[in-house]
Amino acid sequence: AQSVTQLDSQVPVFEEAPVELRCNYSSSVSVYLFWYVQYPNQGLQLLLKYLSGSTLVKGINGFEAEFNKSQTSFHLRKPSVHISDTAEYFCAVRPHRGSQGNLIFGKGTKLSVKP
Amino acid sequence: EAGVAQSPRYKIIEKRQSVAFWCNPISGHATLYWYQQILGQGPKLLIQFQNNGVVDDSQLPKDRFSAERLKGVDSTLKIQPAKLEDSAVYLCASSLGVGNTEAFFGQGTRLTVV
């Protein structure tokens, strides 16, 4: 079975400050890793994903994440946030095989960017 | 390309009533998912279809929830009878297949059971 832990339920930051949203996962099989963003009253939008290869992946809106296999982490970072980044962010994993491809989500981190 | 369409966007019903949600996935996507997102939690899979067959419904409360995907395209999710704890956002998603393919999400249906 797989599980995803997002260590911070809420992260307040000031505009133009850097931010890191933490994600750790547990799995007995290899997984693909994803970050989704959810704006108020909207569905989930894919920010970035790690499938294989370089452990540093770049996504949309200036976000990036680094896969650390030894620490089973996939933290999301942005060097300078904007007001428009205020949203909820979800980390998710999907097993490579042994399942039907279901996404398992963390509980989410609410990013609040203040002026 | 058109995204995943869901309707209605909002629904308020009394407990013990029934309700149905509709989802139209992206054209050509074989895999369709229904997720339940309770306030303060991440989405949880209810059911997954591959074309018109069910491949995972292990977390679907089958005594009250049902879903179908006739003809392998549109899907409906039904709750009968609804309970207070069913208040949540119901998200539909679709993907070309499983594995590393991206899942695209609809805007969701917010259900409030009073």
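(A) The overall build of chain B, seen in detail. The helix and strand inventory of chain B stands at zero helices and 11 strands. Going from the N terminus to the C terminus, chain B shows its helices and strands as β-β-β-β-β-β-β-β-β-β-β. Here the C-alpha radius of gyration of chain B, 13 Å, is about what a compact globule of 114 residues would show, namely 13 Å. With the principal axes as the frame, chain B shows a C-alpha extent of 35 × 25 × 25 Å. Classification of the 114 residues of chain B by burial places 46% in the buried group. For chain B, the accessible area works out to roughly 5500 Å², and carbon and sulfur atoms hold 51% of it. Counting 12 positive and 10 negative side-chain charges, chain B places the averaged centre of each group 6 Å from the other.

(B) Spatial organisation of the interface of chain B and chain A. Tallying the contact residues gives 23 residues for chain B and 19 residues for chain A. Between chain B and chain A lies a buried interface of about 1800 Å² when both sides are counted; carbon and sulfur atoms form 49% of it. The interface formed by chain B and chain A includes zero salt bridges. Contributions of two or more residues to the side of chain B that touches chain A are made by strand S4 (31-37) and strand S5 (44-50) of chain B. No other element matches the three residues that S4 of chain B contributes to the side of chain B that touches chain A.

How each quantity is defined
- Along each chain, numbering runs from 1 in the same order as the chain's sequence is written.
- Lettering of chains starts at A and numbering of ligands starts at 1, both following the order in which they are written.
- Given that the model is predicted, a residue must reach a pLDDT of at least 70 before its local features are reported, and side-chain atom pairs must reach 80 or more before they are shown or counted; all residues, however, enter totals for whole chains, interfaces and linings.
- In computing side-chain values, all of the structure's heavy atoms are included and hydrogens and water are not.
- Each helix is a run of DSSP H or I of at least 4 residues and each strand a run of E of at least 2, with the numbering of both proceeding from the N terminus.
- The reference for a compact globule is 2.2 Å times residues^0.38; the radius of gyration itself is calculated from the C-alpha atoms.
- Relative accessibility decides the category of a residue: with a 1.4 Å probe and only protein chains considered, values under 20% of the type maximum give buried, values over 50% give exposed, and everything between is partly exposed.
- Per-residue accessibility takes into account occlusion by the displayed protein chains alone, with areas from the Shrake-Rupley method and a 1.4 Å probe.
- The sign given to each residue is positive for Lys and Arg and negative for Asp and Glu; His and the chain ends receive no count.
- Note that the charge is assigned to NZ on lysines, CZ on arginines, CG on aspartates and CD on glutamates.
- We call two residues in contact whenever any of their non-hydrogen atoms come within 4.5 Å of each other.
- Buried surface area refers to the total accessible area, computed with a probe of radius 1.4 Å, that the two partners give up upon joining, counted for both partners together.
- For this analysis, a salt bridge means a side-chain nitrogen from Lys or Arg found within 4 Å of a carboxyl oxygen belonging to Asp or Glu.

Interpretation in functional terms is not warranted from these geometric data alone.
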